Each structure stands twice: as C-alpha cells, then as structure tokens.
Amino acid sequence: MLRYYDESEKEEALEFIQEVYQARIKLFGRTHEKTIYGVLDIVDLLETLGRLEDAIALQESHSKLAEEVWSDMDPQALLFNSNFAILLAKEGREDEANELLRSVTDHLAKLGNKNRRPILGAMVNRARVLVELEEVDDAEKAFEVGMSLQISALGEAHPDTLRTCEDFAYLLQSLGELPRALALREQVSMIRKQTTGQRHPLTLQAMFEQASCLGALGRFSEARVLLEEVSEGYGVMLGRETGRFVETLQALGTILIQLGEPLRARTVHEQVLDISTKKYGPKDERTIAATVALASVIWSCGQETEGLAMEMKAMELQQEVLGPKHPTTLQTMHNHAVTLQSIGRYSVSLGLLKEVHAARKEVLGEAHPHTITSLYSIAVSLEGLGMNAEALKTVEEVVSLGEKSLSLGEMSEDELTEYQDALDSMRKEVHLFEEKIGSMK
C-alpha cells in the first residue's frame, strides 16, 4: 500500500479503494457506517485525479444517504454535508456552498457537545469552505477554534488534528504569515516522526512541507538538509522513479541554486529529467517541464550555448505536444526571448516576443497581465535595438493597458498592490525614455 502515497499511483489506488468499498457493501450493507465513511476516500481520490464532477455526484448521493440513516441533525450527516460544501466551493458553486455551510453552522450551534469527532470535523470543514470562498479572515478564525477544540478533545497527535494543522499552515503560508506556518509545520513533522516513524510517507510529506516553508523564509541551508533526508526516505520507501521522489529532487535543485551551487543543482535536475524520460517518455508534459528546469540551471552554470539549445528543444516540444498557443508554451517562449535579450540578441527576441504577444492578445485579451508583460518585453528589445521612439510608444501603451486592467477589478488585494507598483515603475520608464529621446534631438 505504500506505493499509493505516490501521486502517480492514484489510478491504481482508486481501483483498490473501490474494490474495498464494494466488499464493505457485501459484508455490512450499503447503510452501514463503515460503508458510508468508506466513500470519503473515493471522493478524495476522484478530486485528486481532476474528476471533480464525479466526486461531487458521489459525495452528494452519500450526503443524502447519511441524512436518511442518521438524520440531518446528526453530527455524522453534518460532516458529510460540510465535505459536500467544500466540493461545491471548489467547482465555483459559491451560492450553494454558502447556503449549505450556513445550514451546517446553524445545526452545529444547536449541538452543545463540541467534543464529538464528527462535530469537530464539520467545524473544521467550515474553515476549509471559507478558504475556497476566499473569506480568509473568517477561515483563519475558524481554523484556530477548530484546531484548539480538536487538540483538547482528540489530542494533538490525532490524525484529524494533524490534518487541520496542515491545512491551517497552508492558509497561513499563502497569507505570508510564514513564522506561524513554520511553527505548525515543525509541530506536525515532530508528531508524525513519533507516531508513524521517520520514513513513513506521511512523515516525509510533513518534512517536505516544512522544508518548503523554510525555503520561503530564506533559510535555505536548513531546507536543504530536510529535502536531502526526504529524498532519501522516498527513495527507500517508494522507489526512485516515483512522483514524490522526483518532486523532492526538483525542490532540492531549486534550493541548491539559491545556495549558489548550480553545478550540484544541475546534477539533481539531470537526474529528474532522466527519471521522467524513462517513466513518462520524452514528450510527456512532466518530462518537458523537467527539460525547461534543467535548461534554466545550465544557464545558471554559465553554459549559455547548451542552455539555449535545451530551452529551444523544450519550446519546440511544447509547441508540438501542448500547442503553440498553450499558456505554458507561451511562457517558455517568453522566457526564451528574455534569455536572448540578456546576451544581446535583441532582433531574434523581438520576433519571438511579437509572436507571444499576438497569441496572448488573442487568447487572454489585450489587458491581461501576461499580455501586458509580453508587450513590455517588446519595448525592452526595441530599446536594445536603438529604436527608442518605438520603445517609448510601446511603454506608453503598456501603462494605458495596465490602467485598463486595474479598472476591471479582477485582482486580489495583494495582486492589486503588486500591479500598482509595477505600473508606477512603467510610468517612470516613460519619463526616462522621453528624456533619452529628448537628449538625442
């Protein structure tokens, strides 16, 4: 069963758990508690595999079954309905998710005993729904309350408590509250080591998340030590060809670049590409992504010719496999053009950037941030070619489109702040170009 902890084995895991579910129906009947609860693992795997509609249909049918078996006020039925609300929110059905969440919350308020596991689970699921609805302040409070009650009622080492700690840490990390997130990550790692063992996949995943948080805090040496331990553990427990092992190597390679060890990072990324090529084939998206990452590392090693050649290879594969207008393909093309700029090949980069900009304009619209970014890169190439008047005109267009993009009101508060800063920088660029052109007259 350990291999089912690997992301690449989810299809096999789904088949296995469905067989277990059918066996439970034969042994206990469809309305038995063990049978009903067994469907949660199937729903989780369906969601992981991107089959959200199937997950929702299965969860909905069993939420209704739970109400029939236990009544709509029963804590276990509330737990199922709160799970259903999470899935609805993930599908974008916010009104339905909110309505169901309010119903669950109202019922919870009528249940005085908060020390029962299903009630606690439903309470924490409320926090998860709030995250999906981007109501982060309320979600943070709900996580704090739910986690505190779970620790008191179930203990800090209970699987439910640990899962809540992990989800809360993820929320805090996304909000930039890294020290608080790290404290939770460290706590989960320590408890998992004590309860499941140093090399259990759950422990290794907790350590991986801890390393990720350390990296975000700039504590790269500590992150490196953890990632090397995690990669060794996955290699022993799951095998060196599994997705978890490769994911850890990729993270380790990124940390090594931050530590100024590009040659060591290259060795790691070459290993990733070799595994991906053998396991998935040279034209699989994961293999192509590994090629892109290796090209970047080779460039960091100062081997420009080899890096450019590999970047070009990845770009051509993406155009063939994903299509010339796929967002990933366009991003690689843009990055390649920026690389060409850095070595003074402005004419070639300009042609490539115009192609990227035209495709993004068609697919995303002229005011999309990615489209505007490619337009600004065009201005950089124009300036490099000494075409200052054209560069000025292009930067002015960037500012105009940027202001239009802001007026659409489709950005989060953090994105808005970042975008406004970028626009201020663009406005300064306009003045610099104007001064430069004026001095040449």
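Residues numbered from 1 in each chain as written. Predicted model: local features only at pLDDT ≥ 70, side-chain atom pairs only at ≥ 80, totals over all residues. Heavy atoms only, no water.

What to know about the overall build of the protein chain
Across its full length, the protein chain carries 20 helices and 0 strands. With the principal axes as the frame, the protein chain shows a C-alpha extent of 85 × 50 × 40 Å. Counting every position in the protein chain, which comprises 441 residues, the buried fraction comes to 44%. Contacts in the protein chain between residues at least 24 apart in sequence constitute 57% of all its contacts with a sequence separation of at least 6. Entry remark: accessible area of the protein chain is about 21,900 Å², with carbon and sulfur atoms responsible for 50%. (Helix = DSSP H or I, 4+ residues; strand = E, 2+ residues; numbered from the N terminus. Buried < 20%, exposed > 50% of the residue type's maximum accessible area, 1.4 Å probe, protein only. Contact = heavy atoms within 4.5 Å. Areas by Shrake-Rupley, 256 points an atom, 1.4 Å probe, with all protein chains shown as cover.)

Topic: the nonpolar core
Ranked by internal contacts, the top residues of the largest apolar core, which has 78 residues, are Phe168 and Leu184. Considering every element that reaches this core, the biggest residue donor is helix α4 (residues 75-90), with 8 residues. (Core = buried A, V, L, I, M, F, W, Y, C linked by side-chain atoms within 4.5 Å.)

Comments concerning the environment of Glu261
Structurally, Glu261 is set in the loop between α12 (243-258) and α13 (262-280). For the pair Glu261 and Val297, spaced 36 residues apart in sequence, the C-alpha separation works out to 10.0 Å. Ignoring anything within four residues of it in the chain, the contact list for Glu261 reads Arg224 and Leu256.

Concerning a negative patch on the surface
A contiguous patch of negative charge, built from Glu94, Asp95, Glu99, Glu134, Glu135, Asp137 and Asp138, is present on the exposed surface. When contributions to the negative patch are tallied by element, the ones reaching two or more residues are α5 (94-110) and α7 (136-154). Ranked by residues supplied to the negative patch, first place goes to α5 with 3 residues. (Patch = residues over 30% accessible without salt bridge, like charges linked within 9 Å, V, L, I, M, F, W, Y side chains within 5 Å. Salt bridge = Lys/Arg side-chain N within 4 Å of Asp/Glu carboxyl O. Lys, Arg positive; Asp, Glu negative; His and termini not counted. Charge placed at Lys NZ, Arg CZ, Asp CG, Glu CD.)

A word on helix α8 (residues 159-174)
With 16 residues, α8 extends 23 Å from end C-alpha to end C-alpha; this agrees with the ideal 22 Å at 1.5 Å per step. Of all the positions in α8, only Asp160, Thr161, Leu162, Thr164, Cys165, Phe168, Ala169, Leu171, Leu172 and Gln173 are classed as buried. Just downstream of α8 lies Gly176, where phi reads positive at about 85 degrees. (Expected span 1.5 Å × (residues − 1).)

Considering unusual backbone geometry
Here Ser71, not a glycine, exhibits a phi torsion of approximately 90 degrees, which is positive. Although it is not a glycine, Glu134 adopts a positive phi angle of roughly 65 degrees. With respect to the helices and strands, Glu134 occurs in the loop between α6 (117-132) and α7. In this structure Glu134 comes out as exposed when scored by relative accessible area, which is 66%.

Regarding α12
If you check α12, its first and last C-alpha atoms are 23 Å apart, about what 16 residues at 1.5 Å a residue would give, namely 22 Å. Those residues of α12 that sit buried are Gly243, Arg244, Phe245, Val246, Thr248, Leu249, Leu252, Gly253, Ile255 and Leu256. Residues of α12 that are buried make contact with α10 (201-216), α11 (220-237) and α13. The first or second residue beyond α12 is Gly260, which carries a positive phi of 75 degrees.

Some remarks on the packing of aromatic side chains
Two numbers describe a pair of aromatic rings. These are the distance of the centres and the angle of the planes. Under the counting rule described, the total for this entry stands at 4 aromatic pairs. A ring pair is formed by Tyr37 and Trp70, whose centres lie 6.1 Å apart and whose planes are at 45 degrees; its orientation type is tilted. Here the residue Tyr37 occupies a position in helix α2 (residues 33-48), and Trp70 occupies one in helix α3 (residues 52-70), the gap between them amounting to 33 residues. Assessed through its relative accessible area of 17%, Trp70 is described here as buried. Taken together, a centroid distance of 6.3 Å and an interplanar angle of 50 degrees make the contact between Trp70 and Phe80 tilted. On the criterion of sequence distance, the pair formed by Trp70 in helix α3 and Phe80 in helix α4 is long-range, its members being 10 residues apart. Neither Trp70 nor Phe80 differs from the other in exposure class; each is buried. Grouped by ring-pair contacts, the aromatic residues Tyr37, Trp70 and Phe80 constitute a single cluster. Lying across the ring of Tyr280, Arg286 places its NZ or CZ 3.6 Å from the centre. (Phe/Tyr/Trp six-rings, centres within 6.5 Å; stacked < 30°, edge-to-face > 60°. Lys NZ or Arg CZ within 6 Å of the ring centre and 35° of its normal.)

Some words on the packing of α3 against α4
It is the contact of α3 with α4, at a shortest axis distance of 9 Å, that shows an interaxial angle of 160 degrees. One finds that α3 runs roughly antiparallel with respect to α4. Relative to α4, α3 is oriented so that their crossing is left-handed. Seen from α3, the contacting residues are Leu52, Ala55, Ile56, Gln59, Glu60, His62, Ser63, Ala66, Glu67 and Trp70; seen from α4, they are Gln76, Ala77, Phe80, Asn81, Asn83, Phe84, Leu87, Leu88 and Lys90. In terms of residue class, the contact of α3 with α4 is made up of 10 nonpolar, 6 polar and 3 charged. (Axes fitted to C-alpha atoms, helices over the stretch in contact; angles between N-to-C directions. Parallel < 35°, antiparallel > 145°, perpendicular 65-115°, else oblique. Left-handed = near helix turned anticlockwise from the far one by under 90°. Nonpolar A, V, L, I, M, F, W, Y, C, P; charged D, E, K, R; others polar.)

Digging into the packing of helix α16 (residues 327-342) against helix α18 (residues 369-384)
Between α16 and α18, the least distance of the axes is 11 Å, while the angle of their chain directions is 20 degrees. By the criterion of interaxial angle, the relationship of α16 to α18 is roughly parallel. As for how α16 packs across α18, the hand of that crossing is left-handed. Packed against α16, whose contacting residues are His334, Val338 and Gln341, the element α18 presents Thr373, Ser374, Ser377, Val380 and Ser381 at the interface. In terms of residue class, the contact of α16 with α18 is made up of 2 nonpolar, 6 polar and no charged.

Let's talk about the confidence of the model for the protein chain
On average, residues of the protein chain score 88 in pLDDT, and 90% of them reach the 70 mark or higher. Between the elements of the protein chain, mean pLDDT differs from a low of 67, seen in helix α20 (residues 413-440), to a high of 97, seen in helix α9 (residues 178-196). A low-confidence stretch, residues 1-5 stays under pLDDT 50, and its non-local contacts, those more than four residues away or across chains, total 17 contacts. (pLDDT = per-residue confidence, 0-100.)

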